[in-house]
Amino acid sequence: AWVELGRVLAAVREDLPEAVNVALFELEDVRRRLVRVVLDEPPQIRLAAHDALVLFQSVNNLEGMAAAYEQIGDYSFAQSAMADAAQLYDQALQIWIQRSDLQKQTQLLTSLGYVDVRTGEWLHGVSYFTQALSLLADEGDPGNMARIASGLAALFNESGLPESAL
């Protein structure tokens, strides 16, 4: 997801107004910080991503908004703010559904499944992972399939039913 976000940011940078360009650079900085798991500056990370979101909203850039929602969701997940993470992931998911981007939908459904693993909402988690798998049925993306399988294994292990994962 991080590499894909980097590619998307690089591809759209040239065609956007200067204010949105600044937002993209801010969001890229947030992505880099999260990739390196630099959580010693949590307020600054969240503020930078929020500033990027506000700029994307001001120019109605849906892809940028979805990326910012996901980044802030990742931050919230890392800070164990699962309700916030779920809400932000869902906002991003709705944009990718509107845009018919199956790969992004798969990634966000998987992220929502991981939130449910952490919160103990086992049935919701299985539902999210199953939906994500169904979107991948024709594509067979091994990276996403592995992430989903790992999420399901974690879910079954955390739920106390590891034999179900077999």
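The rules behind the values
- Residues numbered from 1 in each chain as written.
- Predicted model: local features only at pLDDT ≥ 70, side-chain atom pairs only at ≥ 80, totals over all residues.
- Heavy atoms only, no water.
- Helix = DSSP H or I, 4+ residues; strand = E, 2+ residues; numbered from the N terminus.
- Buried < 20%, exposed > 50% of the residue type's maximum accessible area, 1.4 Å probe, protein only.
- Contact = heavy atoms within 4.5 Å.
- Areas by Shrake-Rupley, 256 points an atom, 1.4 Å probe, with all protein chains shown as cover.
- Axes fitted to C-alpha atoms, helices over the stretch in contact; angles between N-to-C directions.
- Parallel < 35°, antiparallel > 145°, perpendicular 65-115°, else oblique.
- Left-handed = near helix turned anticlockwise from the far one by under 90°.
- Nonpolar A, V, L, I, M, F, W, Y, C, P; charged D, E, K, R; others polar.
- Core = buried A, V, L, I, M, F, W, Y, C linked by side-chain atoms within 4.5 Å.

A few points about the overall build of the protein
Logical step 1: Looking only at helices and strands, the protein has nine helices and zero strands in total.
Logical step 2: Start at the N end of the protein and walk to the C end: the helices and strands fall as α-α-α-α-α-α-α-α-α.
Logical step 3: Residues counted as buried form 40% of the 166 residues belonging to the protein.
Logical step 4: A separation of at least 24 residues holds for 53% of the contacts in the protein among residues at least 6 apart in sequence.
Logical step 5: Carbon and sulfur atoms form 54% of the exposed surface of the protein, whose accessible area is close to 8,600 Å².

Re the packing of helix α7 (residues 122–136) against helix α8 (residues 142–158)
Any two packed helices are characterised by the angle at which their axes cross and by the distance between the axes.
Logical step 1: Remark: α7 packs on α8, axes separated minimally by 10 Å, with the N-to-C direction vectors making an angle of 160 degrees. What the angle tells us is that α7 and α8 run roughly antiparallel. Crossing angle aside, the handedness with which α7 passes α8 is left-handed. On α8, the residues touching W122, G125, V126, F129, A132, L133 and L136 of α7 are N144, M145, I148, G151, L152, L155, F156 and E158.
Logical step 2: Split by residue class, the contact of α7 with α8 holds eleven nonpolar, three polar and one charged.

Some remarks on the nonpolar core
Logical step 1: By size, the foremost hydrophobic cluster in this structure holds 30 residues, and its most contacted members are M65, Y69 and F129.
Logical step 2: Contributing elements (two or more residues each) for this core: α3 (42–58), α4 (62–78), α5 (82–98), α6 (102–119), α7 and α8.
Logical step 3: The leading source of residues in this core is α5, at eight residues.
Logical step 4: Each residue touching M65, except ones within four places of it in the same chain, is listed here: L53, F56, Q57 and I95.

Focus: the packing of α5 against α6
Logical step 1: At their nearest, the axes of α5 and α6 sit 9 Å apart, and the two run at 160 degrees to each other. Between α5 and α6, the interaxial angle falls into the category roughly antiparallel. Relative to α6, the crossing made by α5 is left-handed. Within the contact between the two elements, α5 uses M82, A85, A86, Y89, D90, A92, L93, W96 and I97 and α6 uses K104, Q105, L108, L109, S111, L112, V115, R118 and T119.
Logical step 2: Among the residues making up the contact of α5 with α6, the classes are represented as twelve nonpolar, three polar and three charged.

Quick notes on the environment of S150
Logical step 1: Relative to the assigned elements, S150 resides in helix α8.
Logical step 2: We classify S150 as partly exposed; its relative accessible area is 40%.
Logical step 3: Once the C-alpha coordinates of S150 and Y114 are considered, the two residues, 36 residues apart in sequence, prove to be 9.6 Å apart.

What about the environment of E70?
Logical step 1: Mapped onto the secondary structure, E70 falls in helix α4.
Logical step 2: E70 sits in the buried class, given a relative accessible area of 9%.
Logical step 3: Taking the C-alpha atoms as reference points, E70 and A49, 21 residues apart in sequence, are found 9.6 Å from one another.

Remarks on the side chain of T110
Logical step 1: For T110, the location among the structural elements is in helix α6.
Logical step 2: On the basis of relative accessibility, which here comes to 1%, the residue T110 falls in the buried class.
Logical step 3: Those residues in contact with T110 that sit more than four places away from it in its chain are F129, A132, R147 and I148.

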